[in-house]
Amino acid sequence: MRRTSARPIRASAEEPARRLPRPLQPTWVQLLLACSPLTLVLLSYVLAQWISAPITARPRQGVTNRLGFGLHVTAPPAVDRAVFGVVPSAWLQQRLVGGGAHWYDAVAALVYVSHFVVLPVGTALVWLHYRDRFRAWITAVLTLTAVGMLLYAVYPAAPPWLASQQGAVAPVRRISGLGWDALGLPLVRHLLGDGQAGSNPVAAVPSLHAATPVLLLLFLWPVLRWPWRAALAAYAAVMAVALVYTGEHYVIDVVAGWATAVVAVTVARATHRTGRSHRSIGTRTPHDRPRRTEVST
């Protein structure tokens, strides 16, 4: 029998160049692309503000937004009063406000403004360290935003400082920027005030300021060690106290924010599990292939 020797195949000079992988995009570009769905959060805020524009122009009990839902001024403080016997925002300010800014005003100011960086920083951390959970995180954030904006539209509510201006509660001031004076940064206080003046004042129920720390805590709970769990839990508690003390929210607003975070994480986990189960059902493994049977003749 004649043997044939296989000739070695020479690779052309161009072939190695073809096999070179394309350069990957920089990490920051990948992160921006991954976070692009969060632009829906900003758009939803703009939409909610447009819906509430008639109330913002004339914030009075019974004035309706563009969807026909009226402003609620007396109901939220009534819930707080029924539970605590007083309106906690007014009770705290009567005892703690006065004589200029204090150290706890500085803490409240820092915690309040941290809300605007915690969500993007948390998103970046999930993407960098828990990439397999990133889609679920985006789902949780979008669910939280969707539920919040929906409630803002159907239940516009006056926060304590606005209700106080209408005589619905005892005197309450909006002092979330007061602490910047204690920190020697009055310019930051003025910038914050300008930003708040252009915001949606009746987007109070639920409090997304209160919801975001709880969203992080619940979502990352399975992968965090106890010190980080305790730190996030403490942050959520301090945020809640700061919101009530500064007149930004009632306790019922905070509780509604926590409940919204629970709903968002539940939806994200359920969706993530469903997606993984569907992929596992649709993927065949070598053990799933039918075995070849021999037929004897």
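Residues numbered from 1 in each chain as written. Predicted model: local features only at pLDDT ≥ 70, side-chain atom pairs only at ≥ 80, totals over all residues. Heavy atoms only, no water.

1. Considerations on the overall build of the chain
The helix and strand tally for the chain stands at 14 helices and zero strands. The order of helices and strands in the chain, counted from the N terminus, is α-α-α-α-α-α-α-α-α-α-α-α-α-α. Here the chain holds 297 residues, and 38% of them are scored as buried. Here the contacts in the chain between residues at least 6 apart in sequence split such that 75% fall between residues at least 24 apart. (Helix = DSSP H or I, 4+ residues; strand = E, 2+ residues; numbered from the N terminus. Buried < 20%, exposed > 50% of the residue type's maximum accessible area, 1.4 Å probe, protein only. Contact = heavy atoms within 4.5 Å.)

2. Topic: the pattern of salt bridges
Following the criterion strictly, the structure yields two salt bridges and no others. The closest approach of N and O atoms between aspartate 181 and arginine 189, which form a salt bridge, is 2.4 Å. (Salt bridge = Lys/Arg side-chain N within 4 Å of Asp/Glu carboxyl O.)

3. Thoughts on the nonpolar core
Membership of the largest hydrophobic core comes to 51 residues, with the highest contact counts inside it found for Phe134, Trp137, Leu144, Leu215 and Phe219. Put simply, the parts of the chain that give this core at least two residues each are helix H3 (39-51), helix H7 (103-129), helix H8 (134-154), helix H12 (208-220), helix H13 (226-245) and helix H14 (251-282). Setting aside chain neighbours within four positions, we find leucine 215 in contact with Trp137, Ala140, Val141, Leu144, Ala261, Ala264 and Val265. Counting residues in hydrophobic clusters, the runner-up holds 14 residues, among them Val87, Ala90, Leu162 and Val169. (Core = buried A, V, L, I, M, F, W, Y, C linked by side-chain atoms within 4.5 Å.)

4. Overview of the environment of valine 263
Counting through the fold element by element, valine 263 comes out in helix H14. You can call valine 263 partly exposed: its relative accessible area is 41%. Each C-alpha atom, one on valine 263 and one on leucine 215, is 9.4 Å from the other, the two residues being 48 residues apart in sequence.

5. Description of the environment of leucine 42
Relative to the assigned elements, leucine 42 resides in helix H3. The spatial distance from the C-alpha of leucine 42 to the C-alpha of threonine 145 is 9.5 Å, given a sequence separation of 103 residues.

6. Things to note about the packing of H3 against H8
The relative placement of two packed helices comes down to the angle between their axes together with the axis-to-axis distance. At a closest axis distance of 10 Å, the pairing of H3 and H8 adopts a crossing angle of 0 degrees. In terms of orientation, H3 lies roughly parallel with respect to H8. Between H3, through Leu40, Val41, Ser44, Tyr45, Ala48 and Ile51, and H8, the contact on the second element is made entirely by Val141, Leu142, Thr145, Met149 and Ala153. (Axes fitted to C-alpha atoms, helices over the stretch in contact; angles between N-to-C directions. Parallel < 35°, antiparallel > 145°, perpendicular 65-115°, else oblique.)

7. Some words on the packing of H12 against H13
Look at H12 against H13: their axes get within 9 Å of each other, and the N-to-C directions meet at 170 degrees. Between H12 and H13, the crossing angle belongs to the class labelled roughly antiparallel. Counted together, His209, Ala210, Pro213, Val214, Leu216 and Leu217 of H12 and Arg229, Leu232, Ala233, Tyr235, Ala236, Met239 and Leu243 of H13 form the full contact between these two elements. A per-class count over the contact of H12 with H13 returns eleven nonpolar, one polar and one charged. (Nonpolar A, V, L, I, M, F, W, Y, C, P; charged D, E, K, R; others polar.)

8. Digging into the packing of aromatic side chains
Tallying each qualifying case throughout the model produces five aromatic pairs. With a centroid separation of 5.5 Å and an interplanar angle of 80 degrees, the aromatic rings of tryptophan 103 and tyrosine 104 are classed as edge-to-face. Exposure remark for tryptophan 103: the relative accessible area of 66% places this residue in the exposed category. A network of ring pairs unites the aromatic residues Trp103, Tyr104 and Tyr245 as a single cluster. Lying over the aromatic face of tryptophan 127, arginine 131 brings its terminal NZ or CZ to 3.7 Å of the ring centre. The ring of tryptophan 226 has arginine 229 sitting right over it, with the charged end atom 4.7 Å from the ring centre. (Phe/Tyr/Trp six-rings, centres within 6.5 Å; stacked < 30°, edge-to-face > 60°. Lys NZ or Arg CZ within 6 Å of the ring centre and 35° of its normal.)

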